Amino acid sequence: MLYNIRLHLHYDYERSAAGGRHHIRVMPQAMPDVQRIVASSLSFDPVSAERSEFTDFFSNSVTSIVYRNPHETLDVTMAARVNVTRPQNMLDVSPDLARLRKEIRSVWSIAADAPHHFLATSAHAAIDPDITAYAAQSLVDARTVMEVVNDLNKRIHADFTYDGDATDVRTTARQAFDLKAGVCQDFSHVMIAGLRGLGIPAGYVSGFLRTIPRPGKERLEGADAMHAWVRAWCGREAGWQELDPTNNMAAGNDHITIGYGRDYSDVSPIVGVLKTSGSQKGKQSVDVIPLE
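Everything numeric in this text was worked out from a predicted model, so none of it was measured. (Residues numbered from 1 in each chain as written. Predicted model: local features only at pLDDT ≥ 70, side-chain atom pairs only at ≥ 80, totals over all residues. Heavy atoms only, no water.)

K.L.:
What exactly am I supposed to notice about the overall build of the chain here?
P.N.:
From N to C terminus, the chain includes 6 helices and 15 strands. The dimensions of the chain, computed from C-alpha atoms along their principal axes, are 60 × 45 × 40 Å. Once local pairs closer than 6 in sequence are excluded, the contacts in the chain between residues at least 24 apart make up 75%. For the chain, the computed accessible surface area is about 14,400 Å², with 51% contributed by carbon and sulfur atoms. (Helix = DSSP H or I, 4+ residues; strand = E, 2+ residues; numbered from the N terminus. Contact = heavy atoms within 4.5 Å. Areas by Shrake-Rupley, 256 points an atom, 1.4 Å probe, with all protein chains shown as cover.)

K.L.:
So what exactly am I meant to see when it comes to the pattern of salt bridges here?
P.N.:
Two side chains bearing opposite charge may form a pair once their charged atoms approach each other closely. This structure, assessed with the given rule, holds 15 salt bridges. With a closest N to O distance of 3.7 Å, Arg15 and Glu14 form a salt bridge. Accessibility expressed as a relative area gives 44% for Arg15, which makes it partly exposed. For Glu14, a relative accessible area of 48% puts it in the partly exposed group. With a shortest N-O distance of 3.2 Å, Arg210 and Asp254 are connected by a salt bridge. Of this pair, Arg210 sits in the loop between strand E9 (202–209) and strand E10 (225–233) while Asp254 sits in the loop between strand E12 (249–250) and strand E13 (255–261), and the two are 44 residues apart along the sequence. For Arg210, a relative accessible area of 22% gives the class partly exposed. Bridged by salt links that share partners, the residues Asp128, Asp130, Arg174 and Asp178 form one connected network. (Salt bridge = Lys/Arg side-chain N within 4 Å of Asp/Glu carboxyl O. Buried < 20%, exposed > 50% of the residue type's maximum accessible area, 1.4 Å probe, protein only.)

K.L.:
Any chance you could explain the sheet that holds E13 here in plain terms?
P.N.:
Pairing between the strands of a sheet comes from backbone hydrogen bonds, and it takes one of two forms, parallel or antiparallel. Reading across the sheet, the 5 strands line up as E12-E11-E10-E9-E13 and stay open at both edges, with antiparallel pairing between neighbours. The open sheet is flanked by E12 and E13, the only strands paired with a single partner. One ladder, built from 2 bridges, connects strand E11 (residues 240–244) with E12; its direction is antiparallel. In the strand pairing of E12, Asp244 is matched with Met249. Across the face of the sheet, helix H5 (residues 184–198) comes into contact with E9, E10 and E11 while running at roughly 10° to E10. (Pairing = 2+ DSSP bridges. Axes fitted to C-alpha atoms, helices over the stretch in contact; angles between N-to-C directions.)

K.L.:
It is not clear to me how the nonpolar core should be interpreted in this structure. Could you clarify?
P.N.:
Here is a general trend for soluble globular proteins: nonpolar side chains tend to be buried in one another's company. One finds Val149, Ile156, Val190, Met191, Leu195 and Ile200 to be the most contacted residues of the largest nonpolar core, which totals 42 residues. Beyond its immediate stretch of four places on either side in the chain, Val190 contacts Ile131, Ile156, Phe160, Ala173, Ala176 and Phe177. Grouped together as the second largest cluster of nonpolar side chains are 26 residues, Leu7, Tyr11, Leu42 and Ile65 included. (Core = buried A, V, L, I, M, F, W, Y, C linked by side-chain atoms within 4.5 Å.)

K.L.:
What is the right way to read the pairing of E13 from this model?
P.N.:
Regular strands place their side chains on alternate faces of the sheet. Among the 7 residues in E13, 7 count as buried, and that is most of the element. As defined by bridge partners, E9 adjoins E13 across 6 bridges and the pair is classed as antiparallel. Counterpart to Val205 in the pairing with E13 is Tyr260.

K.L.:
Looking at this structure, how should I read the sheet that holds strand E6 (residues 71–84)?
P.N.:
A sheet is described by the order of its strands in space; here 4 strands give the open sequence E3-E6-E1-E15, paired in antiparallel fashion. The open sheet is flanked by strand E3 (35–45) and strand E15 (280–290), the only strands paired with a single partner. On average, each strand axis in the sheet is tilted by 10° relative to the strand beside it, whichever way the strands run. Relative to E15, strand E1 (residues 2–17) is paired through 11 bridges, and the arrangement is antiparallel. Bridge pairing in E15 places Tyr13 opposite Gln280.

K.L.:
Even after reading the chapter, I still don't get the environment of Tyr204, so can you show me in this structure?
P.N.:
Looking at the secondary structure, you find Tyr204 in strand E9. Of the residues examined, Tyr204 reaches a relative accessible area of 3% and is grouped as buried. For the pair formed by Tyr204 and Leu7, sequence separation is 197 residues and the distance between their alpha carbons is 20 Å.

K.L.:
Help me understand the packing of aromatic side chains in this model?
P.N.:
Taken as a whole, this structure holds 9 aromatic pairs when the rule is applied. Between Tyr134 and Phe177 the ring centres are 5.5 Å apart and the planes differ by 65°, which places this aromatic pair in the edge-to-face class. Linking Tyr134 in helix H2 (residues 129–136) with Phe177 in helix H4 (residues 173–179), this pair joins segments that are 43 residues apart in sequence. Ring geometry for Phe160 against Phe187: centres 5.9 Å apart, planes inclined by 65°, an arrangement best described as edge-to-face. Taken as a pair, Phe160 in the loop between helix H3 (145–159) and strand E7 (161–162) and Phe187 in helix H5 lie far apart in primary sequence, 27 residues in all. (Phe/Tyr/Trp six-rings, centres within 6.5 Å; stacked < 30°, edge-to-face > 60°.)

Next comes the structure, spelled out in structure tokens:
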């Protein structure tokens, strides 16, 4: 599936910022046999004094910018044309949980996609006994790791309420679990924490998802949004599988990947420091437009 994607982030500062340094992670990722970047651009207003690009540990594209002059606003604009061709769902070749633990121990690599990085507590997705107990209910009728992952994905979708006012970007998995409410980021963090508690490596995926308007309704410009879902390591044969607990589905051609991490803190769209005082306000506009 071919898409045009446009993202606009706007920030207003209560008081003029005398300087700042930011890392930006909003560019879709090139992934062999899955996602091809046809064209892309990333611009900033005001124009930064310094700009450089690098790839972080998890192979995400990062743009680093530096400001030295006073500015009261910041605009980040990304445009990309992306072709997504995810492989069709495969047969379940994942092991049972006991076998998975042996397969994890047999992986000697510590590369970015090695399962070892995705087993421990992280800032937003701490292993928690109550979340682990909730996830363990998915073990009852499951024979394979993939069955566990699919069942937990389905249960979170059913048991949690989507509520954009219930949480914010700082909300942890435990807080969202207690609320049984939140957004895609929260659903993903709860699922990640639950899988890790069972010994299943799990990570966070940041990206975009095309939204389809209801029948008879026009698509609203700028109404799409950044999205988050989960990937779980399901053994040597099955590898990494990506699931979307917000929508109770496997990631498909409508899921466009920006990057991977242990949780949101590894792939937040913008992170940095400002030389200023007071508060700031931000807003986001996203368009994901299919071209075929």
